[in-house]
Amino acid sequence: MKISSFWRYLTIATLLGMLGVGVLVQIARIQTDPEIKELIGRSSIVVRYYYPPRGEIYDRYGRLLAGNTTVYEVSVSLEDVGDDPSDIAMAAQVYLGQDYTAVMELLLNPPDGVRYLRLADYVSSEQAALLMKMQEELDASPDGNPLAALAFRAHLGRQYPEDDLASNLLGFVTHDEYGYFGVEAKYNNLLSGIPVTLLVPTDPRRAVELPEIPPGDSIILTIDRELQAAVEVILEQALYETGAESGTIIVMDPRTGEILTLATTPTMNLNDFSQVGEIFPGETPFNRAISQAYEPGSVFKILTMAAALDNGTVQPGTIFLDDGVFQYGGEYINNWDGGAWGYQDMTGCLAHSLNVCLAWVATEMGSDAFYSYMQRFGIGHLTGIDLASEMTGRLKLPGDSDWYPIDLATNAFGQGVSVTPMQMVMAASALANDGQMVYPHVLYATVQDGRQHTMATQVVGNPVSMNTARTISEMLAIALETEASRGLVPGYRVAGKTGTAQVPTPYGYYDPELTNASFIGWGPVDDPQFLVYVWLEKPRSSPWGSVVAAPVFRQVVEKLVVLQGIPPDAVRAQLAGR
């Protein structure tokens, strides 16, 4: 090494060493200098999290469902309160809804070391404006301003412009800036963005230069706001007329899996999430469409018949002699009315919803084939829908400790098996979509940095063939027309099936007075563009799905075809040149 290089390196090392010593001396001085310590104490530096603007939520046509609004944190500088804080306490009571006595106690006996006391947060702009106006007017008072100690800090809070619309689907955001239930929870990380942590003074009047914080992504849902609102009205009217405890209606495009409407009860004003415990007490599900499983009853027969057609066990014209009773596994099965319907083809078995016939069909298939098809339809599994808190039902299988041979026969007509409404919708999409079962979803697209990223349709599987799907759709359309069902829609040919299921009790038997009434249908039959599922829980006016649920289906479709612009069959035929 050259001598000149050695001295150069030594000089640099010495300078760096002196610099390091200087830094250590400065740190020690800051920690021990009384004046600096007093300045830091007065500043009351704290760690604060700054959240970026939460992404907004829109319906498929760009109508705002969830956004942000300016709210205020209102606090008091205790050093500026004075001897009599009664005016501040009174203002807090009148404008902020605080307890006068509690505020007075805090102001007179604040916690040790606290210089700035927060009175309230998430105060609306209107409330804060009134309080700020009063403070401004008192500034001109010759006796001084008793509200001078009040300080205001503006920030963003979540707002739902339509209160309870689509509440069970959207979920809500609390003051901890976290989403709960529904879309807000499922896409919380996407919507919330990345928060920034800063050291800031507690004095809210001291300006703090904040960094540029990128907002969270906005999302566009598959929901049609107008249809959602209309269906919620239909559901509420149905509950009123039938006396049902609760209800659920799902509308999906069976070609894409896009959920156009998801309405269920009870609902809540999302701007007042403090009521959630009162509205949904105990284990009440926030969204029955995905979080409550029940025995579906006869709507399940469409899956049994589709499976039997697909594996060749029966054909539409297969004849069955219904003598009113079917014995299997040491047990006896009867029809819903206790009657015998004589010779019936498979379409007749669906039209008259014959338990005896469907039990026979399932046993002719055999347990291996039957349960294999049910699993292919997704029964007993989560759908994977992009909403928080989805639960699954139960499909008992041979080999399970609580499965018995009779279960094969009863499962065939929807007894002893439990599903969520969303599971039935996904399974039925295969029948309405040429055998392709689609993934149900509510996310249409995300918007990031001004660019839209649209979600593609995802096919979950092909439980049955195209021919089977078209065959059973035709059978269900004929079944509805034969029975002059209350679910028929003038001008539109639809396929559908009613369901009436007794409600099981915790004691192992079925309550003869309570039922779950359902209807599932899709159309137009020659080109299905919608699939509708209706479930009314424990209706009182009538126990039958054909009486209480089928008319609700018709009302929904009548509204849907107008809002979605689906012409009647005759018009579509003319437009197609048929």
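Note that this is a predicted model, so its numbers are computed, not measured.

1. Notes on the overall build of the protein
Phase 1 of the analysis: When helices and strands are counted, the protein shows 21 helices and 22 strands.
Phase 2 of the analysis: Residues counted as buried form 51% of the 578 residues belonging to the protein.
Phase 3 of the analysis: Within the protein, counting contacts between residues at least 6 apart in sequence, those at least 24 apart form 72% of the total.
Phase 4 of the analysis: Approximately 26900 Å² of the protein is accessible, and the part contributed by carbon and sulfur atoms is 53%.

2. So, the packing of helix H3 (residues 86-96) against helix H4 (residues 100-108)
Phase 1 of the analysis: In the contact formed by H3 and H4, the axes pass within 9 Å of each other and the chain directions differ by 140 degrees. Taken together, the axis directions place H3 and H4 in an arrangement best described as oblique. Between H3 and H4 the crossing geometry is right-handed. Where H3 abuts H4, its residues Ser86, Ile88, Ala89, Met90, Ala92 and Gln93 lie against Tyr100, Val103, Met104 and Leu107.
Phase 2 of the analysis: The class makeup of the residues in the contact of H3 with H4 is eight nonpolar, two polar and no charged.

3. Considerations on the nonpolar core
It is characteristic of soluble globular proteins that their nonpolar side chains tend to be buried jointly.
Phase 1 of the analysis: The biggest cluster of nonpolar side chains holds 96 residues, and the ones touching the most others in it are Leu221, Leu303, Met346, Met374, Phe377 and Ile379.
Phase 2 of the analysis: Top element by residues in this core is helix H17 (residues 421-432). It accounts for nine residues.
Phase 3 of the analysis: Apart from residues lying up to four places away in sequence, leucine 221 is in contact with Ile57, Tyr58, Asp59, Arg60, Leu65, Leu169, Leu170, Val183, Val442 and Tyr444.
Phase 4 of the analysis: Core analysis: the second largest hydrophobic core is formed by 31 residues, Leu235, Ala238, Ala263 and Leu480 among them.

4. Side note on the environment of leucine 350
Phase 1 of the analysis: Mapped onto the secondary structure, leucine 350 falls in helix H13 (residues 346-351).
Phase 2 of the analysis: Judged by relative accessible area, which is 2%, leucine 350 ranks as buried.
Phase 3 of the analysis: Distance from leucine 350 to threonine 498, taken between C-alpha atoms, is 9.5 Å for residues 148 residues apart in sequence.

5. A short note on unusual backbone geometry
Phase 1 of the analysis: For the bond running from threonine 265 to proline 266, omega is -5 degrees, close enough to zero to count as cis.
Phase 2 of the analysis: In this fold, proline 266 is placed in the loop between strand E11 (259-264) and helix H10 (276-279).
Phase 3 of the analysis: Here glycine 523 and proline 524 are connected by a cis peptide whose omega angle stands at -15 degrees.
Phase 4 of the analysis: Summarising the element assignment, proline 524 is placed in the loop between strand E21 (510-523) and strand E22 (530-537).

6. Some details on the packing of helix H12 (residues 301-310) against H17
Phase 1 of the analysis: Look at H12 against H17: their axes get within 10 Å of each other, and the N-to-C directions meet at 40 degrees. Both H12 and H17 take part in a crossing whose hand is left-handed. Residues Ile302, Leu303 and Ala306 of H12 touch H17, and the partners they reach there are Met424, Ala427, Ala428 and Leu431.
Phase 2 of the analysis: A per-class count over the contact of H12 with H17 returns seven nonpolar, no polar and no charged.

7. Thoughts on H3
One turn of an α-helix holds 3.6 residues; hence residues three or four places apart share an orientation.
Phase 1 of the analysis: Among the residues making up H3, those that are buried are Ser86, Ile88, Ala89, Ala91, Ala92 and Leu96.
Phase 2 of the analysis: Each element contacted by the buried residues of H3 is listed here: strand E3 (64-77), H4, strand E4 (116-124), helix H5 (125-138) and strand E5 (150-159).

8. Re the state of the cysteines
Phase 1 of the analysis: Under the defined criterion, the tally for this structure stands at one disulfide.
Phase 2 of the analysis: One disulfide bridge connects cysteine 349 with cysteine 357, the sulfur atoms lying 2.2 Å from each other. For the disulfide bridge between cysteine 349 and cysteine 357, the dihedral angle about the S-S bond is near 90 degrees, and by the sign convention the bridge is right-handed. Grouping residues by exposure puts cysteine 349 and cysteine 357 together as buried.

9. Topic: the side chain of threonine 261
Phase 1 of the analysis: In this structure, threonine 261 sits in strand E11.
Phase 2 of the analysis: Taking relative accessible area as the criterion, threonine 261 reaches 0% and is therefore assigned buried.
Phase 3 of the analysis: Not counting residues within four places of it along the chain, the set of residues in contact with threonine 261 comprises Ile223, Leu227, Gln228, Val231, Ile249, Ile250 and Val251.

10. Some words on the pattern of salt bridges
Phase 1 of the analysis: For the coordinates displayed, the defined rule picks out 23 salt bridges.
Phase 2 of the analysis: Linking arginine 394 and aspartate 402 is a salt bridge whose minimum nitrogen-to-oxygen distance equals 3.0 Å.
Phase 3 of the analysis: On the basis of relative accessibility, which here comes to 36%, the residue arginine 394 falls in the partly exposed class.
Phase 4 of the analysis: We note a salt bridge from arginine 554 to glutamate 558, for which the minimum N-O separation is 3.8 Å. Placement of the pair is arginine 554 and glutamate 558 together in helix H20 (residues 550-563), with a separation of four residues, close to one helical turn.
Phase 5 of the analysis: Taking the relative accessible area as the measure of exposure, arginine 554 reaches 24% and is therefore partly exposed.
Phase 6 of the analysis: Given a relative accessible area of 36%, glutamate 558 falls into the partly exposed group.
Phase 7 of the analysis: Where salt bridges share partners, they join Asp59, Arg63, Glu162, Asp224, Arg225 and Glu226 into one cluster.

11. Re the packing of aromatic side chains
Phase 1 of the analysis: Tallied over the full model, the rule gives 15 aromatic pairs.
Phase 2 of the analysis: Aromatic pair tyrosine 178 and tyrosine 180: ring centres 5.5 Å apart, planes at 70 degrees, arrangement edge-to-face.
Phase 3 of the analysis: For tyrosine 180, a relative accessible area of 33% corresponds to the partly exposed category.
Phase 4 of the analysis: The structure contains a cluster of three or more aromatic residues connected by ring pairs, namely Phe172, Tyr178, Tyr180, Phe181, Phe273, Phe280 and Phe286.
Phase 5 of the analysis: Above the face of the tyrosine 61 ring, arginine 60 is positioned so that its terminal group lies 5.9 Å from the ring centre.
Phase 6 of the analysis: The ring of tyrosine 373 has arginine 376 lying over it, and the distance from NZ or CZ to the ring centre is 4.4 Å.

12. Considering a nonpolar patch on the surface
Phase 1 of the analysis: A contiguous nonpolar patch, built from Ile319, Leu321 and Tyr343 and spanning about 360 Å² of accessible area, is present on the exposed surface.
Phase 2 of the analysis: Positionally, tyrosine 343 belongs in strand E15 (residues 342-344).

Calculation notes
Residues numbered from 1 in each chain as written. Predicted model: local features only at pLDDT ≥ 70, side-chain atom pairs only at ≥ 80, totals over all residues. Heavy atoms only, no water. Helix = DSSP H or I, 4+ residues; strand = E, 2+ residues; numbered from the N terminus. Buried < 20%, exposed > 50% of the residue type's maximum accessible area, 1.4 Å probe, protein only. Contact = heavy atoms within 4.5 Å. Areas by Shrake-Rupley, 256 points an atom, 1.4 Å probe, with all protein chains shown as cover. Axes fitted to C-alpha atoms, helices over the stretch in contact; angles between N-to-C directions. Parallel < 35°, antiparallel > 145°, perpendicular 65-115°, else oblique. Left-handed = near helix turned anticlockwise from the far one by under 90°. Nonpolar A, V, L, I, M, F, W, Y, C, P; charged D, E, K, R; others polar. Core = buried A, V, L, I, M, F, W, Y, C linked by side-chain atoms within 4.5 Å. Disulfide = S-S within 2.5 Å. Salt bridge = Lys/Arg side-chain N within 4 Å of Asp/Glu carboxyl O. Phe/Tyr/Trp six-rings, centres within 6.5 Å; stacked < 30°, edge-to-face > 60°. Lys NZ or Arg CZ within 6 Å of the ring centre and 35° of its normal. Patch = residues over 30% accessible without salt bridge, like charges linked within 9 Å, V, L, I, M, F, W, Y side chains within 5 Å.

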